[in-house]
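Listed here are the chains, written in short residue letters.
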Amino acid sequence: MIRLRSVSKEYERRTILDALDLQVDAGEFVFLTGPSGAGKTTLLRMLYAAERPTEGEVWVAGRRIDEMVRTRLPLLRRKIGVIFQDFKLLRRKTVLENITFVLRIHGVAPREAHRRAMKVLRRLGLQHRQAAFPDALSGGEQQRVAIARALAYQPRLILADEPTGNLDADLASELLSLLCDINYQGATVLVATHDHAILESIPARTLVLHQGQIHYDGMWPP
Amino acid sequence: MAAVIRHAIAEGLIVLRERAAISVILALALAVPIALAGVGLTLHHWLGPVADLSGQKSSVAVLLHPQMESGERRRWIAELATDHPDWTISQVSSSELAERLQRWFPYLEDLMDSGDATLPPLIEIFTDNPDSVTELEDRPEVLAVGPRSSIQQTLGRVARRLALIVGVLSFVLFAVAGLLAAVWVHLELYRHADEVIIMRLVGATEGTIRGPFLVAVAIPGVVAGALSVVGSLVTVSGLSKLASTLGMAAMSIPLGILVLQLAIGVFLPLLAAVVTLARHSTDATEN
């Protein structure tokens, strides 16, 4: 599902990722961890083609995306559900519209989009907030809306950047079990986090990123 | 495709609602030059048959002897063309002559009712040297040679200047309206930059992203086209009344010009929006 070959990324002569090699197979559940500034977010951004590497090859879902032309990116991104660290919700749309909007972009008919959005909102306990605007929600609720949006179109790959950062322990655990469910259904899940409690809650492959390189690749704790 | 169109209309209407004042200004800014151009084209169309609008050469009307047979007339005109290669000779058909007479002298309706056949054959000679045509006055085939500085040419000169003024004014106003549409789209693009970035990240195509902006300028364009049609109909009606008081034929806007006005109303702001989006949508929303 994901393959990186000698991927490097530099910003203003500072190396963020250094000749990284990585392979994640379809259906895997992988944690990506490391200290702040280790390159976790940069790596995730490369996987949904928001960044291009300075060197190396990035392959996602069988396609080389570091050379992909801009017009083909939408089709790739429709296969990926991204849970952004800063949520990236549409401020002028309600919770329900934030989700149906994405489904409609993906060509889902309005009635079906509404049905699917309500289903995922119920699953995340947000059905009572469907008419609220993002600014009226707490950080945790916004986080859950962002998660609901990423899950609504049943992507093959889910990339989550600190998805539990704004959630309390119960909600964080609930979210992880949700991601596990989706993983059992066949989706590949890559979760970037620096929260060790989360890493220990599920036995899964863990990648430790440090100074732009993978220092550890295996089950957690080591 | 249907989903993209539905999305574009829904989101475009939201942009319009949020920016109602500027949409009205854009519609009015577009309607004025379109109406002006429509009236200008109508005047050109109306004056065309009676005034020399080409402005390249002077034209002199020559009335031929009515008893000349058509074959004989054709031969004589061919000889004339051979003898005077610097002249451009055109035959005015009896129907066109009738139309001109009707436009200038509508009160001669009774004469026209008796049919085109009663009208004498007329030719027009276009030349840089209109005095040279006077030599035809002595020819037996010629009944009369028209004035060398006719009202037609005076009218043509006035019409040409008027057309130039209307043309330049319309062009400037069109440019201003186009610029207004482009600047508006540019500002809206930056205002919605965050949304556009999110749309890109969740897999929206460029068509989905740009569609709402196109709808947002196309709707004021449709309104502008309709307003310009009403404006030009009112103006031409006023001019027509003025022409009637001078004893001239009534004026009306050809259907083609009305359709053209509606088309320009939609096309011009769309063109401005398409160019602006093509140039700026990626700078404004890198990702």
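Our subject is the structure that appears above.
I will try to describe carefully the structure that is included in this document. (Residues numbered from 1 in each chain as written. Chains lettered and ligands numbered in written order. Predicted model: local features only at pLDDT ≥ 70, side-chain atom pairs only at ≥ 80, totals over all residues.)

## Brief notes about the sheet that holds strand β1 (residues 58-64) of chain B
Residues and elements named next belong to chain B.
Here comes step 1: Taken together, the 4 strands give an open sheet; going across it, the order is β2-β3-β1-β4, and neighbouring strands pair in antiparallel fashion. A single partner strand is all that each edge strand has here, and the edge strands are β2 (88-92) and β4 (142-145). Ignoring strand direction, the axes of neighbouring strands in this sheet form an average angle of 25 degrees.
Here comes step 2: The sheet strands contacting helix α3 (residues 70-83) are β1, β2 and β3 (122-127), and the helix crosses β2 at an angle near 160 degrees. (Pairing = 2+ DSSP bridges. Helix = DSSP H or I, 4+ residues; strand = E, 2+ residues; numbered from the N terminus. Axes fitted to C-alpha atoms, helices over the stretch in contact; angles between N-to-C directions. Contact = placed C-beta atoms within 7 Å.)

## Overview of the packing of helix α3 (residues 95-105) of chain A against helix α5 (residues 139-152) of chain A
All names here are of chain A.
Here comes step 1: Running from amino to carboxyl end, α3 crosses α5 at an angle of 25 degrees, the nearest separation of the two axes being 9 Å. In terms of their interaxial angle, α3 and α5 are classed as roughly parallel. Both α3 and α5 take part in a crossing whose hand is right-handed. Between α3 and α5, the residues in contact are V95, N98, I99, V102 and L103 and V145, A148, R149 and A152, respectively.
Here comes step 2: Here the residues of the contact of α3 with α5 sort into 7 nonpolar, 1 polar and 1 charged. (Parallel < 35°, antiparallel > 145°, perpendicular 65-115°, else oblique. Left-handed = near helix turned anticlockwise from the far one by under 90°. Nonpolar A, V, L, I, M, F, W, Y, C, P; charged D, E, K, R; others polar.)

## Quick word on the packing of helix α1 (residues 2-18) of chain B against helix α8 (residues 206-245) of chain B
Residue and element names in this part refer to chain B.
Here comes step 1: Packing of α1 against α8 leaves a shortest axis separation of 7 Å and a crossing angle of 50 degrees. Taken as axis vectors, α1 and α8 run oblique relative to one another. Where α1 crosses over α8, the handedness of that crossing is right-handed. Contacts between α1 and α8 involve V4, H7, A8, I9, E11, G12, V15 and L16 from the first element and G207, T208, G211, P212, L214, V215, A216 and I219 from the second.
Here comes step 2: For the contact of α1 with α8, a count of residues per class yields 10 nonpolar, 5 polar and 1 charged.

## Observations regarding the pairing of strand β7 (residues 157-161) of chain A
Residues and elements named next belong to chain A.
Here comes step 1: Of all 5 residues that make up β7, 5 are buried, and the element is covered over most of its length.
Here comes step 2: Of the two faces of β7, the one holding L157, L159 and D161 and the one holding I158 and A160 are both buried throughout.
Here comes step 3: Pairing of strand β6 (residues 80-83) with β7 involves 4 bridges; the strand directions are parallel. Across the sheet, I80 pairs through a bridge with L157, a residue of β7.
Here comes step 4: Relative to strand β8 (residues 188-192), β7 is paired through 5 bridges, and the arrangement is parallel. In the sheet register, I158 faces β8, and the bridge partner there is V189.
Here comes step 5: In this region the chain leaves β7, passes through helix α6 (residues 169-184) and returns to the parallel neighbour β8; the handedness of that crossover is right-handed. (Buried ≥ 20, exposed ≤ 12 C-beta atoms within 10 Å, placed from the backbone. Right-handed = clockwise from strand over helix to strand, strands pointing away.)

## Concerning the interface of chain B and chain A
Here comes step 1: Across the boundary between the two partners, chain B contributes 12 residues, which contact 13 residues of chain A.
Here comes step 2: Counting only elements with at least two residues in the side of chain B that touches chain A, the list comes to α1 and α7 (193-201) of chain B.
Here comes step 3: At 4 residues, the largest contribution of residues to the side of chain B that touches chain A is made by α7(B).
Here comes step 4: The residue inventory of the side of chain B that touches chain A, partitioned by class, reads 6 nonpolar, 5 polar and 1 charged.

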